[in-house]
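Chain residues, written in single-letter form:
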Amino acid sequence: MKSFQNKVLEITTNIPKGSVLSYKEVARLAGSPKAYRAVGNILGKNYNPKIPCHRVICENGKIGGYNRGAKEKKKVLKEEGFNFKS
DNA sequence: CGTATGACGTGCA
DNA sequence: GTGCACGCCATAC
């Protein structure tokens, strides 16, 4: 089962600590630069705690959202040393 | 197969 | 700078 979803999740899982990728970047790495929509859709519906989805942010530097609350996402990113826009 | 949804992105007024 | 509309792709029903 190597679907686009699996790629996105795998890529997200491989994001090193302190680094963040935009939805568009993840989509590009997954093989479809224009599938950033699908990336958001997948991560949004994905509740797997093993996936550091908080390291995937908007292209404009915004958080966008988080399955556990954008607040947590901001907190985690800040803890990892990545300061983003409020 | 067609429609609806979503944590987006870009363009234009 | 802000707000609205459209487009794009994958998944669910």
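Residues numbered from 1 in each chain as written. Chains lettered and ligands numbered in written order. Predicted model: local features only at pLDDT ≥ 70, side-chain atom pairs only at ≥ 80, totals over all residues. Heavy atoms only, no water.

Let's talk about the protein's contact with DNA strand C
To keep things clear, this is the line we draw: Here, proximity means that at least one heavy atom of the residue falls within 4 Å of the molecule or strand. Counted as a polar contact is a pair of N or O atoms within 3.5 Å, where, for protein atoms, one must be capable of donating a hydrogen and the other of accepting one, and residues adjacent in sequence contribute only when both atoms are in side chains. Numbered from the N terminus, helices here are DSSP runs of H or I no shorter than four residues, and strands are runs of E no shorter than two. Charged means Asp, Glu, Lys or Arg here, nonpolar means Ala, Val, Leu, Ile, Met, Phe, Trp, Tyr, Cys or Pro, and polar covers whatever is left, Gly included.
Close contacts around DNA strand C come from Ser3, Phe4, Gln5, Ser32, Lys34, Ala35, Tyr36, Arg37, Ala38 and Asn41, and that covers them all. A distance of 3.1 Å separates a base oxygen of DNA strand C from a polar side-chain atom of Arg37. A distance of 3.1 Å separates a base nitrogen of DNA strand C from a polar side-chain atom of Asn41. Within the residue set of the surface near DNA strand C, elements represented by two or more residues are α1 (4-13) and α3 (36-45). For the surface near DNA strand C, the element with the highest residue contribution is α3, accounting for four residues. For the surface near DNA strand C, the per-class residue count stands at four nonpolar, four polar and two charged.

Structural notes on α3
An α-helical segment advances 3.6 residues per turn. Residues three or four places apart therefore align on the same side. Here is the rule: Throughout this description, buried means an accessible area under 20% of the type-specific maximum (1.4 Å probe, protein chains only), exposed means over 50%, and partly exposed covers the range between. Taking the helix axis as origin, the arc is that swept by the directions to the C-beta atoms. Between two residues, a contact is recorded if the distance between any of their heavy atoms is within 4.5 Å.
All buried positions along α3 are accounted for by Val39, Ile42 and Leu43. End-on, the buried residues of α3 take up no more than an arc of 95°, which puts them together on one face. Pointing more than 90 degrees away from the buried face of α3 are the exposed residues Arg37 and Lys45. On its buried side, α3 packs onto α1, α2 (23-30) and β2 (56-57).

Side note on the packing of α1 against α3
In a packed pair of helices, the relevant descriptors are the angle between the two axes and the axis-to-axis distance. Condition: Only C-alpha atoms enter the line fits that serve as axes; for helices the fit covers just the stretch in contact. Angles between N-to-C directions range over 0 to 180 degrees. Orientation labels follow simple angle bins: below 35 degrees gives roughly parallel, above 145 gives roughly antiparallel, 65 to 115 gives roughly perpendicular, and whatever is left gives oblique.
It is the contact of α1 with α3, at a shortest axis distance of 10 Å, that shows an interaxial angle of 75°. When the axis of α1 is compared with that of α3, the two are roughly perpendicular. In this structure, α1 uses Phe4, Gln5, Val8, Leu9 and Thr12 to contact α3, whose residues at the interface are Ala38, Val39, Ile42 and Leu43. Residue composition of the contact of α1 with α3, by class: seven nonpolar, two polar and no charged.

Re the packing of α2 against α3
Contact geometry of α2 with α3 gives a least axis separation of 8 Å together with a crossing angle of 100°. Between α2 and α3, the angle falls in the class roughly perpendicular. Only Tyr36, Val39, Gly40 and Leu43 of α3 make contact with α2, whose side of the interface consists of Tyr23, Lys24, Val26 and Ala27.

Re the state of the cysteines
How we decide: The definition used for a disulfide is geometric: two cysteine sulfur atoms within 2.5 Å.
Taken as a whole, this structure holds zero disulfides when the rule is applied. We note that Cys53 lacks a disulfide partner, and the nearest cysteine sulfur, in Cys58, lies 13 Å from it. Residue classification places Cys53 among the buried residues on the basis of a relative accessible area of 6%. On the basis of relative accessible area, Cys58 is assigned to the buried category, the value being 19%.

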